[in-house]
Number of protein chains: 2
Amino acid sequence: MPDRFTPPAAPVGIDGLIALLAKLPGLGPRSARRAVLQLIKKREGLMQPLARALADVAESIKICGQCGNVDVVDPCAICRDPRRDAGLLCVVEDVADLWALDRAGLFRGRYHVLGALYRPRWVGPDDLSIPALIARAQSPDLQEVILALNATVDGQTTAHYITDRLADCGVEVTALAHGLPVGGELDYLDDGTLAAALKARRKF
Amino acid sequence: MPDRFTPPAAPVGIDGLIALLAKLPGLGPRSARRAVLQLIKKREGLMQPLARALADVAESIKICGQCGNVDVVDPCAICRDPRRDAGLLCVVEDVADLWALDRAGLFRGRYHVLGALYRPRWVGPDDLSIPALIARAQSPDLQEVILALNATVDGQTTAHYITDRLADCGVEVTALAHGLPVGGELDYLDDGTLAAALKARRKF
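Naming follows an unreviewed UniProt entry, where chain A appears as Recombination protein RecR of Iodidimonas nitroreducens. Recorded under Function (unreviewed entry), the UniProt text for chain A is reproduced unchanged: "May play a role in DNA repair. It seems to be involved in an RecBC-independent recombinational process of DNA repair. It may act with RecF and RecO." Note on chain A: under the UniProt heading Sequence similarities (unreviewed entry), the record states "Belongs to the RecR family."

The following block contains the structure:
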C-alpha cells in the first residue's frame, strides 16, 4: 500500500482563495472549500459578480464622518436622508448594531456609532466617539439621545458614563427597555424584541 | 413613538455584496452581514486580496480534461505530477471528494471525477464520465481502479455498474473498505477513517 506523503492539497491559486475565505466569520477551512467549489460551479453568476462587488466596495467604502456608519458616500445615506428626524439620535456600539436596528425599520432618527464600549483602564472616552457625540448633542435640533447598547456590564457602564457626560446638554437621554434579554447582545436580537425594547424605552 | 417605515437597510453596493455572499454554502444573510463588516475592517488585508483572488481564479479556472479536477492548468497539477503512480486510478463522485482524499495525503495515484452518481432513469453513464473512465482503463500502465464512492445506494449502484463495465479491461477493481459509516458521505469523513478505509480496500 502507498506510503504517506504530502501532495499539494489543491492548486495554489485555489488554495489561496480557500485560505482567504476561511478567514471570514462563519466559515472554516472545510466550508471555505465547499464555498470555492460552489463559486467555481457558478463562475459567471456568482464568482465574477462577487469579485467585482468586493473590489467596488473596497474601492468606494467610507466611514461616515458624522455617525461612523460605513457607506460608499460620506456623509452616509442615513445622515443625508432628509426624511430622518434630526431630533432623535440613537447611540450604538458598532455598525452591526446600527444595521440591526435599521433593519427593524422602526427608528426614523439618525445614529451615532461609538466603535466600542467604555471600559475604564482599557477603553477610554477618547477611544470611543464620545467627544463627537457631545458635539452633536449641542445641536439645538436634537431632543433625545437613545442609548441602544448591549445589556452587559460594559454596555451599562457606557450608558451611565454617556448619561453623565450629556447631563448639561439639555437633551433627554433614554435607553432601550429591558425587553432585551440580560446578558444578550443586541446584534442577535429578533426584530420583535428590538421593537418592544424601542417602544418601552425609559428615561435613563 | 415613531411609526414603522422601511428605510434602506444598508447602502446599495454593500447590500449587493451581502446578497452575493449570502449565496455561499454555510453563510446566510446574517453571517454575510458579519462577514462584510469584517471585510470592511480588513480592507487591505482581506477584502482587496479576496477580490483579486476571486477574479484571478474566475479568470484562470479550468476543468482538467483527463480527470475532471478543477485547477488553473489543464491537465491539472495532479495529472501532470510525474511522482504520481500511473498504475492507480481513484474514482470519485465529485471534486470535493477528490480534495478530501488528496488532503489525507495517503494516495499517490491519479483520480477520475464522475461528476455525479449513476441513477438509472435519471443519470445515465453518459452524464457521468464513464466512457472517459473506460478509455483510461484501456491504458496498459493502469493496474488498479479504486472506487471511492459514497456508501449510499446510489454510490454502491454506481460502483457495481462501473465494475461491470470494467470487467473486460483487465484492471483490478477495488472499493474503499467499509470503514466509512454506512449512509455517510465521503466528503465529511475524518482523515483517520479515510486512511483505514483506503488501507483495507477489498476486491469488488
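Enquirer: Where do I start with the relation of the copies chain B and chain A in this structure?
Expert: Two copies of one chain are present, and they are related through a rotation about an axis combined with an axial shift. Structural alignment of chain B on chain A gives an RMSD of 0.1 Å, achieved by rotating through 180 degrees and translating 0.0 Å along the axis. What the superposition gives is, in effect, a two-fold axis relating one chain to the other. When each C-alpha of chain B is compared by its distance to the rotation axis, B:Ala51 comes out closest, at 2.3 Å. When the interface residues of chain B are mapped onto chain A, 100% of them are again interface residues, pointing to one common binding face.

Enquirer: What's the story with the packing of aromatic side chains in this structure? I'm lost.
Expert: The geometry of an aromatic ring pair is captured by the separation of the ring centres together with the interplanar angle, meaning the angle of the planes. All names here are of chain B. Applying the stated criterion to the full structure yields 4 aromatic pairs over all chains. With a centroid separation of 4.3 Å and 40 degrees between ring planes, the pair formed by Tyr118 and Tyr161 is classed as tilted. Of this pair, Tyr118 sits in the loop between β4 (110-113) and α6 (130-137) while Tyr161 is found in helix α7 (residues 153-165), placing the two residues 43 residues apart along the sequence. The same class applies to Tyr118 and to Tyr161, which are both buried.

Enquirer: What is the right way to look at the confidence of the model for chain A in this model?
Expert: Residue and element names in this part refer to chain A. Averaged over all residues, the pLDDT of chain A is 86; the fraction at 70 or higher stands at 92%. Summarising per-element confidence for chain A, the mean pLDDT is lowest in strand β7 (residues 202-203) (72) and highest in strand β4 (residues 110-113) (95). Scored below 50 in pLDDT, residues 1-11 makes 24 contacts in the model with residues more than four places away or belonging to other chains.

Enquirer: Would you mind showing me how to read helix α3 (residues 43-60) of chain A here?
Expert: Three- or four-residue spacings in an α-helix give side chains the same orientation, since the helix completes a turn every 3.6 residues. Helix length check: α3(A), at 18 residues, gives a terminal C-alpha distance of 24 Å against a target of 26 Å (1.5 Å per residue), a fit within 8%. Within the sequence span of α3(A), burial applies to A:Leu46, A:Met47, A:Pro49, A:Leu50, A:Ala51, A:Ala53, A:Leu54, A:Val57 and A:Ala58.

Enquirer: What is the right way to look at the pairing of β4(B) in this model?
Expert: For a regular strand, side chains alternate in direction, first toward one face of the sheet and then toward the other. Residues and elements named next belong to chain B. Judged by which residues are buried, β4 turns out to be covered on both faces: Arg110 and His112 on one side and Tyr111 and Val113 on the other are all buried. Bridge analysis of strand β3 (residues 88-92) against β4 gives 4 bridges, and the strand direction is parallel. Residue Val91 lies in a different strand from β4, and its bridge partner there is His112. Considered for its hand, the β-α-β crossover made up of β3, helix α5 (residues 95-104) and β4 is right-handed.

Enquirer: I'm lost on the pairing of strand β5 (residues 144-147) of chain B in this one. Help?
Expert: Residues and elements named next belong to chain B. Alternating residues of β5 divide into Glu144 and Ile146 and Val145 and Leu147, and every residue in both groups is buried. Pairing geometry for β3 and β5, over 4 bridges, is parallel. Paired with Leu88 across the two strands is Glu144, which belongs to β5. With 4 bridges connecting them, β5 and strand β6 (residues 172-175) associate as parallel partners. Bridge pairing in β6 places Val145 opposite Val173.

Enquirer: So what exactly am I meant to see when it comes to the domain arrangement of chain A here?
Expert: Buried accessible area, meaning the area lost when the parts come together, often serves as the stated size of an interface. Per the domain assignment, the segments of chain A are domain 1 (12-60) and domain 2 (82-203). Between the C-alpha centres of domain 1 of chain A and domain 2 of chain A there is a distance of 35 Å.

Enquirer: Quick question: what am I supposed to make of the interface of chain B and chain A here?
Expert: The interface of chain B with chain A comprises 63 residues on the first partner and 63 residues on the second. Buried surface at the junction of chain B and chain A, both sides included, amounts to about 6,500 Å², of which 69% is carbon and sulfur. At the boundary of chain B with chain A, the tally comes to 0 salt bridges. Put simply, chain B and chain A have 2 residue pairs in polar contact (both at pLDDT 80 or more) between them. Contributing elements (two or more residues each) for the side of chain B that touches chain A: α1 (12-21), α2 (29-41), α3 (43-60), β2 (70-71), α5 and α8 (191-199) of chain B. Residues of the side of chain B that touches chain A, tallied by class, amount to 42 nonpolar, 5 polar and 16 charged.

Enquirer: I'm lost on the side chain of A:His112 in this one. Help?
Expert: Residues and elements named next belong to chain A. The topology assignment puts His112 in strand β4. Residue classification places His112 among the buried positions, given a relative accessible area of 1%. Apart from the residues lying within four places of it in its own chain, the contact partners of His112 are Gln66, Cys67, Leu89, Cys90, Val91, Val92, Ser129, Ala132, Leu133 and Arg136.

Enquirer: Would you take a moment to explain the UniProt feature "zinc finger region: C4-type" (unreviewed entry) in chain A for this structure?
Expert: Mapped onto this structure's residue numbering, the UniProt feature "zinc finger region: C4-type" (unreviewed entry) falls at residues 64-79 of chain A. As annotated, residues 64-79 of chain A comprises 19% helix and 12% strand, and the C-alpha atoms at either end are separated by 8 Å.

Enquirer: Whenever I open this one, the side chain of A:Glu93 confuses me. Can you help?
Expert: Note that A:Glu93 resides in the loop between β3 (88-92) and α5 (95-104). Here A:Glu93 is buried and forms no salt bridge, its nearest opposite-charge partner B:Lys41 lying at an N-O distance of 8.2 Å. A distance of 3.2 Å separates a polar atom in the side chain of A:Glu93 from a polar atom in the side chain of A:Asn150. A:Glu93 has contacts with A:Val113, A:Leu114, A:Gly115, A:Ala116, A:Leu117, A:Ala148, A:Leu149 and A:Asn150, leaving out every residue within four places of it along the chain.

Enquirer: Can you walk me through the nonpolar core in this structure?
Expert: Grouped burial of nonpolar side chains is what soluble globular proteins tend to show. Among the nonpolar cores identified, the biggest contains 100 residues, and A:Leu21 and B:Leu21 are the most heavily contacted of them. For B:Leu21, the residues in contact, after removing those within four places along its chain, are A:Leu24, A:Leu50, B:Leu27, B:Ala32, B:Ala35, B:Val36 and B:Leu39.

Enquirer: Any chance you could explain the sheet that holds strand β7 (residues 202-203) of chain B here in plain terms?
Expert: Through backbone hydrogen bonds, the strands of a sheet pair up, either in parallel or in antiparallel fashion. Residue and element names in this part refer to chain B. On the basis of which strands lie adjacent, the open sheet formed by 5 strands has the order β4-β3-β5-β6-β7 and mixed pairing. What marks the edges here is a single partner per strand, and that holds for β4 and β7. Its contacts with the sheet place α5 against β3 and β4, and it is angled at close to 160 degrees to β4. The strands that α6 touches are β3 and β4; relative to β4, the one it contacts most, it runs at about 150 degrees.

Reading the values: rules and limits
- For every chain, the first residue of its written sequence is number 1, and the numbers climb from 1 along that sequence.
- Each chain gets a letter, beginning with A, and each ligand a number, beginning with 1, in the order they are written.
- Local features in a predicted model are, by the rule used here, given only for residues with pLDDT of at least 70; side-chain atom pairs are given and counted only at 80 or more, and totals for whole chains, interfaces and linings are based on all residues.
- Hydrogens are left out, water is left out, and the side-chain values use all remaining heavy atoms of the structure.
- UniProt positions are given in the numbering used here, feature names are shortened, and annotations may be inferred rather than shown by experiment.
- Copy-to-copy alignment: least squares on C-alpha atoms, limited to residues at pLDDT 70 or above in both.
- We call two residues contacting when some pair of their heavy atoms lies within 4.5 Å.
- Two rings belonging to Phe, Tyr or Trp (six-membered ring only in the last case) form a pair when the distance between their centres is within 6.5 Å. Interplanar angles under 30 degrees mark stacking, angles over 60 mark edge-to-face geometry, and anything in between is tilted.
- Working definition: helices are DSSP H or I runs of at least four residues, strands are E runs of at least two. Numbering for both runs from the N terminus.
- Between buried and exposed lies partly exposed: a residue is buried under 20% and exposed over 50% of the maximum accessible area for its type, with that area taken using a 1.4 Å probe on protein chains only.
- A residue's pLDDT is the confidence the predictor assigns to it, expressed on a 0 to 100 scale.
- By this rule the span expected of a helix is its residue count minus one, scaled by 1.5 Å.
- Pairing between strands is defined by DSSP: at least two bridges between the two strands are required.
- Crossovers are described as right-handed under a simple rule: with the strands pointing away from the observer, the path leading from the first strand over the helix to the second runs clockwise.
- Delimitation of the domains relies on an automatic or database domain assignment.
- Here the quantity called buried area is the total loss of accessible area, with a 1.4 Å probe, experienced by two parts when brought into contact, counted for both.
- Definition used for salt bridges: Asp or Glu carboxyl oxygen within 4 Å of a side-chain nitrogen of Lys or Arg.
- Counted as a polar contact is a pair of N or O atoms within 3.5 Å, where, for protein atoms, one must be capable of donating a hydrogen and the other of accepting one, and residues adjacent in sequence contribute only when both atoms are in side chains.
- In this count, Pro and Cys sit with the nonpolar residues alongside Ala, Val, Leu, Ile, Met, Phe, Trp and Tyr, while Asp, Glu, Lys and Arg are called charged and the others, Gly among them, polar.
- Counting rule for charge: Lys and Arg are taken as positive, Asp and Glu as negative, and neither His nor the chain ends is counted.
- As used in this record, nonpolar core signifies buried Ala, Val, Leu, Ile, Met, Phe, Trp, Tyr and Cys residues forming a set joined through side-chain atoms within 4.5 Å.
- Each axis is a line fitted through C-alpha atoms, taken for helices only over the stretch in contact, and angles between the N-to-C directions span 0 to 180 degrees.

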